[in-house]
Amino acid sequence: MTRQPLLQVLNVHKTFHPSGVRALRSVNLSLNAGTVHALLGANGAGKTTLVRILAGELQPDGGQILVDGIPVTFRNPRDARSYGIALVHQNLALVDELTVLENVFLGREPLSLFFVSKRKARQKIKDVFERLSLKVTDERVENLSMAEKQKIEIARALLFGARVLLLDEPTAYLNEEEEEKLFELLRSLKNSGCAVLFITHDVDKALNFSDRVTVMREGQTVLSEESCRLTVQQVVETMGFQGRKRTFQVPTVGGETLLEVSNLTLNLGKKIVLDRISFTLRRGEVIGLFGLGNDGQYDLLETIVGLKKPSSGRIVFKNQEITHLSIYERRRLGIAYVPEDRAKEALNLNGSVLENAVVNVYRKAPYARLGFLRWSLLEQYTFDMLKEFEVKLVSVRQPVRILSGGNLQRLVLARELFQKPELLLACKPTSGLDIQIQNYVAEKLDLMRSYGCALIASNDAEEMLNLCDRVFIFSKGRLRRVLDREKLFRPEELISLAGDKG
Amino acid sequence: MRSLRILSSIVTVAVAFGASAAILCLVSPEPRETLWWFFVGPFSNVYFFGNMLASSVPLIFTGLAACVAFSAGAFNLGLEGQYYFGAIVGTIAALNFSNATVSRFVALVVSASAGALLSFVPALLKVKFSFNELIGTYMVGQIFVYVGDYLLNGPFRDPSAAFSATRYLNENVRLTRILPPSSLHVGYLIGIMLCFLFYFLYRYSTLGYEFRTVRGNPRFAKIHGINVDKILLIAMSLSGALAALGGMIDVLGVHGRAVKGFSHGSGFIGIAASLLASNDPSLIFLSALFLAYLDSGAEIASLMVQTPPEIARFVQGIVLCMVTAQFFLERRELDADSTA
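Bear in mind that the values here come from a model prediction, so they are computed numbers and not experimental data.

## Things to note about the overall build of chain B
Counting secondary structure elements, chain B contains 13 helices and 0 strands. Each helix (α) and strand (β) of chain B, taken in turn from the N terminus, gives the series α-α-α-α-α-α-α-α-α-α-α-α-α. In terms of C-alpha radius of gyration, chain B reaches 20 Å, essentially the compact-globule figure of 20 Å for 340 residues. For the C-alpha atoms alone, the extent of chain B along its principal axes is close to 60 × 50 × 30 Å.

Structure representation (structure tokens):
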């Protein structure tokens, strides 16, 4: 007897208006109960669009979705939920200002005589939270780690009886250890009869942790096969690029000192975020700032670019003290910055591609004259930039929000690197990117060594090893250790070193 | 997208017409007569037509003022106070000078500065202490409406006038009339020129780009070196100055002196004018004209047939509801159409 698939997608297609981007051309997929399914594909292949359609957030232009063999139409996420389909977003959709408990029950608060009953709420979540080994309930969500937030979203889904769990790049913000735990959790969900579908870029993980793999390419499903019958090489080839790992070149260190940070301390309220940090950075160096969670590595970059005011200490760039300069003045000296949150900080999603691309140069000659912009020059500038960085789009005047996630990332990196900064400050420059673009970013950073230096903050050990010459290990705002690249071979070593609070 | 926006503005206008016609039919003893005066009256002779254009002038200025604040992502709800108080202070200052050119110049500069100050203070409170600018601008505006009333009632009241008002400005200080016998004056042309000037600045100046970027995402603007606080202060001061100039020009062009209550809610209707033009400065003189048309129609109808002039306010209310709804509808469309 063949089992009826829990969720089946037949020939679904979707075109976005007014851009005319054909996000999905022909997608076929079937999900069985009690399996974990991995969805792979390059950036812009349509993975996110597909899961958003399955969750009822977008409506397909054609094709069929079947639940238990019966055709269904989802007009909104509520419809999808009523069939037991839940989506956990890449950028988690929680209300930071509310507590865990309030978030879990948002919109479905258990009532006793018109008043929200916390006691009832607690009883209801007890089982689910135990299964997910979640302990916090009264903490405000903004104080939690990404891994915990993700669990809360999963808890939400399970509480309203989700049978199909869709996860959009669940590992993007997790470190190795948290990732391990997540996959364990997914396996236990599978054993209880759920169907799980997760999006990932990591072919290794997809093959190791899933029962079945589906590969998408340019809006089509091109491969769907049981994981055990596939090799990494096969999958990578169907995804549409060559899976070569970058060969690392030992850099020629010896340039002059560009950045000197001494005794930098940052307090936010009573919390010591950075504790007496000192180091120097020379031309040609790429240094990684590694911490398992938010251990101060991102705050250090924000302090150097001028977003946060240090309580004490000095920052000297190119022999000039910049500790008290404005962000604009620092950027003008040749500092570029890629913030952690691309959607909220690195892009103006209400603007056009052009407006987003020129934000660092619009007031410089020759682009501005007597307070007026010369749009034709700016357009040419943007055009050249996008060409060099291979960002695909129809027109620079189109709204930036219709670009795919991968293209947005490229746009951000292109904008910061195109002006050839002498110091690049970047948070997780390759997170959420497929191998092709990761290699590409690494190449760009290598090119940068000839004229500048970079600080990369991340909690992804592999990223550190791929990009950096030296790694500074941060823990709770303190610089604990400095490790040379030659002495580091495996990501696991870095993680265990960072976890060791010696 | 642009054509869709224009279409929805047309629908708004059509519904407003329909609703006002229906209400007129209900409340008027002679519906046909009333409808005719309401809709055709403003075009029936030069006098009515010119007066309608003249009454759109304050709305052009307050509409632009609202638009300037919106375009930097800020809200200025104190337009009424800035318009009223600015014009009163400007008039009082101008009364001290006998030379026409100097007097006119002083009137404009003093009123604009007073208006700018009234919106600058709440903006500064927002920037320094994160005061809510909606409440700040509104409260300061309302307070200065009453301060203006006090000035007209007390120290600067013309003793020979029957009601609270200043002395008349000299005839040669007033703005040139361009369509006698109506009260249309050169301020109308200045208003239209300002509309296009601001459109041009918004699209082509570095400051306009900064306004748009701050509106789009203030955090993004800050990270990329734009001084967000400075932009907010500039936008708010400019907004207040424009509103006050509107009041001053109305005094110089139509009233000839500051009269208690002359603002007639122009400040608040300016917000509607800006929204109706989907915050596009180059369209504001049209939306102001539309709102002035409804007002004039009601006034003429009440003059000719006994219809309550408040009917125009009712219709303006409907228009305001519709443009706000439209505003939020667009927002939703944008959100729904995003991909990644």
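The rest of the description comes next.
## Focus on the overall build of chain A
The helix and strand inventory of chain A stands at 17 helices and 24 strands. Residues classed as buried in chain A amount to 44% of the 502 residues present. Considering only residue pairs separated by 6 or more positions, chain A has 69% of its internal contacts joining residues 24 or more positions apart.

## Quick look at the confidence of the model for chain A
Parts of the prediction with low pLDDT should not have their coordinates interpreted in detail. Residues and elements named next belong to chain A. Overall, the prediction assigns chain A a mean pLDDT of 83, with 89% of residues at 70 or greater. By mean pLDDT, the top-scoring element of chain A is strand E18 (residues 335–338) (94), and the lowest-scoring one is strand E7 (residues 111–112) (58). Low pLDDT, under 50, characterises residues 242–246; the predicted model gives this stretch 7 contacts beyond four residues in sequence or across chains.

## Section: the interface of chain B and chain A
For an interface, size is often stated in terms of accessible area lost upon the parts coming together. Taken together, the 18 residues of chain B in the interface contact 32 residues of chain A. Residue assignment for the side of chain B that touches chain A shows that the elements contributing at least two residues are helix H8 (206–216) and helix H9 (218–223) of chain B. Taken together, the residues that form the side of chain B that touches chain A break down as 7 nonpolar, 9 polar and 2 charged.

## Quick word on the nonpolar core
Membership of the largest hydrophobic core comes to 176 residues, with the highest contact counts inside it found for Phe 290, Leu 301 and Leu 425 of chain A together with Leu 64, Ala 235 and Ile 284 of chain B. No other element matches the 16 residues that helix H10 (residues 228–255) of chain B contributes to this core. No fewer than three residues from each of domain 2 (244–334 + 419–502) and domain 3 (349–418) of chain A sit in this core. Not counting the four nearest positions on each side in its chain, Leu 64 of chain B is found in contact with Leu 194, Cys 195, Phe 198, Leu 242, Pro 281 and Ile 284 of chain B. Formed by 63 residues, the second largest nonpolar core is a distinct cluster that contains Leu 7, Leu 29, Ile 53 and Val 213 of chain A.

## Details of the environment of Leu 276 of chain B
On the secondary structure map, Leu 276 of chain B appears in helix H11 (residues 266–276). Separated by 12 residues in the primary sequence, Leu 276 of chain B and Ala 288 of chain B have C-alpha atoms spaced 8.8 Å apart.

## Some words on the packing of helix H3 (residues 46–71) of chain B against H11 of chain B
Residues and elements named next belong to chain B. Contact pair H3 / H11: the axes reach a minimum separation of 7 Å and the direction vectors enclose 65 degrees. Two packed elements cross with a definite hand, and for H3 against H11 that hand is right-handed. Here Pro 58, Leu 59, Thr 62, Gly 63, Ala 65, Ala 66, Cys 67 and Phe 70 of H3 come into contact with H11, specifically with Ser 266, Gly 267, Ile 269, Gly 270, Ile 271, Ala 273 and Ser 274. Looking at the contact of H3 with H11 residue by residue, the class counts come to 9 nonpolar, 6 polar and no charged.

## Concerning helix H13 (residues 375–388) of chain A
The α-helix winds at 3.6 residues per turn, so residues separated by three or four positions along the chain end up facing the same way. Residue and element names in this part refer to chain A. The terminal C-alpha atoms of H13, which comprises 14 residues, lie 20 Å apart, in line with the 20 Å expected from a rise of 1.5 Å per residue. Looking only at H13, the buried set comprises Leu 378, Tyr 381, Thr 382, Met 385 and Leu 386. Considered in projection along H13, the buried side chains sweep an arc of 125 degrees and stay on one side of the axis. Counted as exposed and oriented over 90 degrees from the buried face of H13: Ser 376, Asp 384, Lys 387 and Glu 388. Structurally, H13 contributes buried residues whose contacts are with helix H12 (353–357), strand E20 (372–373) and helix H14 (405–417). Directly after H13, the chain includes Glu 390, whose backbone phi takes a positive value near 55 degrees.

## Examining the sheet that holds strand E22 (residues 453–458) of chain A
Two strands in a sheet stick together by hydrogen bonds in their backbones, pointing the same way (parallel) or opposite ways (antiparallel). All names here are of chain A. The sheet built from 6 strands is open, its strands ordered E18-E21-E22-E15-E23-E24 with mixed pairing. Each end of this open sheet is capped by a strand with a single partner; those strands are E18 and strand E24 (478–484). Across the sheet, the mean angle from the axis of one strand to that of its neighbour is 15 degrees, orientation sign disregarded. Note that strand E23 (residues 470–475) and E24 share 6 bridges and pair antiparallel. Bridging from a neighbouring strand, Phe 472 pairs with Val 482 of E24. Along the sheet face, H14 touches E18 and strand E21 (423–427) and points at about 170 degrees away from the line of E18.

## So, the environment of Tyr 202 of chain B
Residues and elements named next belong to chain B. Looking at the element boundaries, Tyr 202 is found in helix H7 (residues 187–204). The buried category is assigned to Tyr 202, around which 20 C-beta atoms lie within 10 Å. Separated by 131 residues in sequence, Tyr 202 and Ser 71 have C-alpha atoms that sit 8.5 Å apart. In contact with Tyr 202, not counting residues within four places along its chain, are Ser 71, Gly 208, Phe 211 and Pro 281.

Quick notes on the rules
Residues numbered from 1 in each chain as written. Chains lettered and ligands numbered in written order. Predicted model: local features only at pLDDT ≥ 70, side-chain atom pairs only at ≥ 80, totals over all residues. Helix = DSSP H or I, 4+ residues; strand = E, 2+ residues; numbered from the N terminus. Rg over C-alpha atoms; globule rule 2.2 N^0.38 Å. Buried ≥ 20, exposed ≤ 12 C-beta atoms within 10 Å, placed from the backbone. Contact = placed C-beta atoms within 7 Å. pLDDT = per-residue confidence, 0-100. Nonpolar A, V, L, I, M, F, W, Y, C, P; charged D, E, K, R; others polar. Core = buried A, V, L, I, M, F, W, Y, C linked by C-beta atoms within 7 Å. Domains from an automatic or database assignment. Axes fitted to C-alpha atoms, helices over the stretch in contact; angles between N-to-C directions. Left-handed = near helix turned anticlockwise from the far one by under 90°. Expected span 1.5 Å × (residues − 1). Arc of directions from axis to C-beta. Pairing = 2+ DSSP bridges.

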